Structures are given as C-alpha cells and as structure tokens.
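Close look at the chain arrangement
The primary structure of each chain is shown beneath.
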Amino acid sequence: MTARVETLPAERTGLVTSMTRGFLGRCPHCGEGRMFGRFLKVRPNCDACGLALHSHRADDLPPYVVIFIVGHIVGYFILELETNYDVPLWFQLSFWPVVTLGSALALLQPVKGAVVGLQYALGMGGFATLPVRSVAVSPPEEPQRGQSDIRSPGLGPA
Ligand SMILES: [Zn+2]
C-alpha cells in the first residue's frame, strides 16, 4: 500500500527574508529555486516549490530604484571630486559613465529580485495564493480480517 498524500497550506515568508532571497536571485517562498532564467527574465515557476513567479508585476520599479541608488552615490562622488580636488575633465568624462553603467547593470537584477520578493511578501497580484505543500501521511492500520478471510487448512481444493 502506498502512503497517503495530504496537502496543507504553506505559510508566507516574512518581508525581510523574502526581499533578501529575491535580492540573491532565489525564490522568495522557499529560498532554494532560482528566480531568474536570464538576466532580467523571471522564471514562470519556482523549480523547487512551484510558486508561480510569472505573475509578478515589477514593471518600472526596479530601474527607478536603481537610478535612485546609483544617482545618489555617483552624484555625491562627482560633486566631491569636483569641489575638493583638481581632477582633469577627461577623467570625469570617461570614469563616471563607466562607473554609472557598471553599477546600474550590476544592481538591476538583485533589485528586481527584491521587488518581486516584496510583492510576494505583501501578497500582491498573482502572489495572493501560495503553492500547496504535500506531506506524506503514514497509511492507516490494516482493518481486522473477518472470519471469511481465514482459510481452514482442511477446506482447500483437493
Ligand atoms: Zn520556491
């Protein structure tokens, strides 16, 4: 006899854990499956727990957050160099675009993952329902056999 399988509702992961898992490119629900199939392409489902990732609505928030972060950091250091040091113009014109582009590309995927984790933790859009968890339950005890199942030694075919 095979073990009976029961489905139980899974618990939603907390906000900080979900966003951290997303930032690291992992599924916000289980933390094991990978979130991205390509650079910014979110996988349709988590290959570990089955969470539907395709229903996220990150849209324009990740690039907006990346521009906000990179703009503040790069802008601060450009201003700092320009006001306090005598830096040649060719350096400013060649160094900062490379730093800006590199840090923006490096942050885009983690920030998008964190945004998807945020939407998951808040139950937004397609994350309102969670995948069900399967738990194997031990089979029930065999019922007592009735008298008809017991064969008497002398009554078998001759
Ligand atoms: Zn998962």
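Residues numbered from 1 in each chain as written. Predicted model: local features only at pLDDT ≥ 70, side-chain atom pairs only at ≥ 80, totals over all residues.

With that settled, consider helix H2 (residues 61–84). Compared with the 34 Å implied by 1.5 Å per residue over 24 residues, the 34 Å span of H2 between its first and last C-alpha is a close match. In this structure, the buried residues of H2 make contact with helix H3 (89–121). (Helix = DSSP H or I, 4+ residues; strand = E, 2+ residues; numbered from the N terminus. Expected span 1.5 Å × (residues − 1). Contact = placed C-beta atoms within 7 Å.)

We note that Asp-59 has phi near 50°; this positive angle belongs to a residue other than glycine. Of note, Asp-59 is situated in the loop between helix H1 (15–23) and H2. The exposure class of Asp-59 is exposed, given the 9 C-beta atoms found within 10 Å. (Buried ≥ 20, exposed ≤ 12 C-beta atoms within 10 Å, placed from the backbone.)

Another point: the UniProt feature "transmembrane region" (unreviewed entry) in the protein chain. According to UniProt, the positions carrying the feature "transmembrane region" (unreviewed entry) are residues 61–78 and 90–108. As a span, residues 61–78 carries 100% helix and 0% strand, and end to end its C-alpha atoms are 25 Å apart. As a span, residues 90–108 carries 100% helix and 0% strand, and end to end its C-alpha atoms are 28 Å apart. (UniProt positions renumbered as here; feature names shortened; annotations may be inferred.)

Packed helix pairs are specified by the crossing angle of their axes together with the interaxial distance, meaning the distance between the axes. The geometry of H1 relative to H3 is characterised by a closest axis approach of 6 Å and an angle of 150° between their N-to-C directions. The angle between the axes of H1 and H3 places the two elements in the roughly antiparallel class. For the pair H1 and H3, the crossing hand works out as right-handed. In contact with Leu-15, Ser-18, Met-19, Arg-21, Gly-22 and Phe-23 of H1, H3 contributes Pro-110, Gly-113, Ala-114, Val-116, Gly-117, Leu-118, Tyr-120 and Ala-121. (Axes fitted to C-alpha atoms, helices over the stretch in contact; angles between N-to-C directions. Parallel < 35°, antiparallel > 145°, perpendicular 65-115°, else oblique. Left-handed = near helix turned anticlockwise from the far one by under 90°.)

With that settled, consider the nonpolar core. Of all hydrophobic cores here, the largest spans 16 residues; its most connected members are Leu-53, Ala-114 and Val-116. Among the secondary structure elements, those contributing two or more residues to this core are H1, H2 and H3. For this core, the element with the most residues is H3, which contributes six residues. Among residues more than four places away in sequence, those in contact with Val-116 are Gly-22, Pro-28, Met-35, Val-42, Leu-53, His-56 and Ala-58. (Core = buried A, V, L, I, M, F, W, Y, C linked by C-beta atoms within 7 Å.)

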